[in-house]
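The lines below spell out each chain.
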Amino acid sequence: MSKGILLVLSGPSGSGKGTILGEYSKDHPLYFSVSNTTRAPRPGEIDGVHYHFISREEFENKIAAGGMLEYAQYCDNYYGTPRDKVEEQTAKGVNVMLDIETQGAMNVRASCPEAVLCFVVPPSMEVLRHRLTRRGTEDEETVNKRLAQALNEIRLIDRYDFVVINDALEDAVADFAEIVAISQAAASGTLSPEQQAQLTQMKEKSAALKATVKKEFLL
Ligand code: 5GP
């Protein structure tokens with residue numbers, strides 16, 4: 001049995017990563033890693049489902065004990081991936097998904113070079129701002145902080161294997177599904193010549209999207 005692949009999905013808050021994952025996982029088996037965080041729960045968030053909400057002290061103890069596969073500080077809070085569950089699931093052949101920000105993704109890249117890194121972006125700056133404001137769960141200062149953070153994250157887009165533009169949700173989910181399927185075949189060494197051609201095409205498409213995204217958000 002081949003090991004499950006480790007998929008990393010990053011993208012600014014408001015990029016719609018969570019929605020893509022929610023849709024994708026309706027039809028595809030996937031283990032979602034539940035992160036630890038020191039931020040306060042938003043209304044409707046459930047401890048153990050959306051995050052394990054823990055104190056700074058607990059978080060720092062876990063880091064010291066080597067229990068975090070990766071972690072990062074984001075907007076004044078710690079976020080991190082518990083190592084044990086990820087290793088247990090990939091060993092069982094299950095694909096594991098991490099929804100994490102860019103610093104954490106770079107740490108995963110360094111410690112697990114075989115991980116597949118995928119970056120999700122909204123179609124424009126205007127849409128990003130609109131999505132962040134519409135959520136209505138954060139005050140203006142937090143929204144502005146998250147916008148600034150979004151631009152910092154987009155600066156790292158070249159370090160990702162694939163890019164998905166989340167404009168029409170259905171298309172974004174289909175693109176993501178294709179990335180996972182081909183990456184899985186590549187990891188198990190079973191790529192057909194057609195899939196090899198598809199992989200090359202997907203990489204070319206992502207390279208073109210990176211250039212477009214940098215123009216839209218960073219110039
Ligand atoms: P939010 O506060 O909006 O839930 O998450 C803020 C950011 O932290 C998002 O970009 C999310 O992907 C990221 N994040 C969530 N869990 C983790 C984690 O375990 N590690 C890292 N590095 N980032 C995480």
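Here the structure is shown first, and the text comes after it.
Please read these numbers as outputs of a predicted model, since none were measured by experiment. (Residues numbered from 1 in each chain as written. Predicted model: local features only at pLDDT ≥ 70, side-chain atom pairs only at ≥ 80, totals over all residues. Heavy atoms only, no water.)

(A) Local environment of the layout of surface pockets. For the largest pocket, the calculated volume is near 1,100 Å³. Surrounding the largest pocket, 42 residues form its lining, K17, G18, R42, Y51 and D99 being those nearest its centre. Among the secondary structure elements, those contributing two or more residues to the lining of the largest pocket are helix 1 (17–27), strand 5 (68–74), strand 6 (77–82), strand 7 (96–99), helix 5 (125–135) and helix 6 (140–154). If you tally residues by element for the lining of the largest pocket, the top one is helix 1, at five residues. Looking at the lining of the largest pocket, its residues break down into 15 nonpolar, 14 polar and 13 charged. By volume, the second largest pocket amounts to about 430 Å³. (1 Å grid on protein atoms, 1.4 Å probe; cavity = no way out; pocket = protein on both sides within 12 Å on 5 of 7 lines; lining within 4 Å. Points joined across faces, edges and corners; volume = space filled by probe spheres on them. Helix = DSSP H or I, 4+ residues; strand = E, 2+ residues; numbered from the N terminus. Nonpolar A, V, L, I, M, F, W, Y, C, P; charged D, E, K, R; others polar.)

(B) Looking closely at the packing of helix 7 (residues 169–187) against helix 8 (residues 193–218). Orientation of helix 7 relative to helix 8, taken along the N-to-C sense of each, is 130°, at an axis distance of 10 Å. By the angle between their axes, helix 7 is oblique relative to helix 8. For helix 7 against helix 8, the interelement crossing comes out left-handed. Together, D175, E178, I179, I182 and A185 of helix 7 and Q195, Q198, L199, M202 and K205 of helix 8 make up the contact between the two elements. Considering only residue class, the contact of helix 7 with helix 8 consists of five nonpolar, two polar and three charged. (Axes fitted to C-alpha atoms, helices over the stretch in contact; angles between N-to-C directions. Parallel < 35°, antiparallel > 145°, perpendicular 65-115°, else oblique. Left-handed = near helix turned anticlockwise from the far one by under 90°. Contact = heavy atoms within 4.5 Å.)

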